[in-house]
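# Per-entry structural report
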Amino acid sequence: MPLEIITESVFGLIFRALGWIFIDVLFEILIRGLGYLIC
């Protein structure tokens, strides 16, 4: 039981971090791309 809780929290943390990185990169590309287009 404790092993399941630990693996759940570790996998949740990893997926949350990957999702945050993906969203951050996506928004960065969109914002910079639009900025270059506008300028």
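The structure contained in this document is the topic of the report that follows. (Residues numbered from 1 in each chain as written. Predicted model: local features only at pLDDT ≥ 70, side-chain atom pairs only at ≥ 80, totals over all residues. Heavy atoms only, no water.)

### A closer look at the overall build of the protein chain
Scanning the protein chain for helices and strands turns up one helix and zero strands. Based on the C-alpha atoms only, the size of the protein chain along its principal axes is roughly 55 × 5 × 5 Å. Sorting the 39 residues of the protein chain into buried and exposed places 0% on the buried side. When the accessible area of the protein chain is evaluated, it comes to approximately 4,000 Å², of which 79% is carbon and sulfur surface. (Helix = DSSP H or I, 4+ residues; strand = E, 2+ residues; numbered from the N terminus. Buried < 20%, exposed > 50% of the residue type's maximum accessible area, 1.4 Å probe, protein only. Areas by Shrake-Rupley, 256 points an atom, 1.4 Å probe, with all protein chains shown as cover.)

### Examining the pattern of salt bridges
Applying the stated criterion across every chain yields a total of one salt bridge. A salt bridge links E28 to R32; its shortest N-O distance comes to 3.0 Å. With E28 and R32 both in helix α1 (residues 2-38) and four residues apart, the pair spans about one turn of that helix. (Salt bridge = Lys/Arg side-chain N within 4 Å of Asp/Glu carboxyl O.)

### Re a nonpolar patch on the surface
Side chains of I6, V10, F11, I14, F15 and L18 sit close together on the surface and give an oily, nonpolar patch of about 600 Å² of accessible area. Residue placement: I14 occurs in helix α1. On the basis of relative accessible area, I14 is assigned to the partly exposed category, the value being 41%. (Patch = residues over 30% accessible without salt bridge, like charges linked within 9 Å, V, L, I, M, F, W, Y side chains within 5 Å.)

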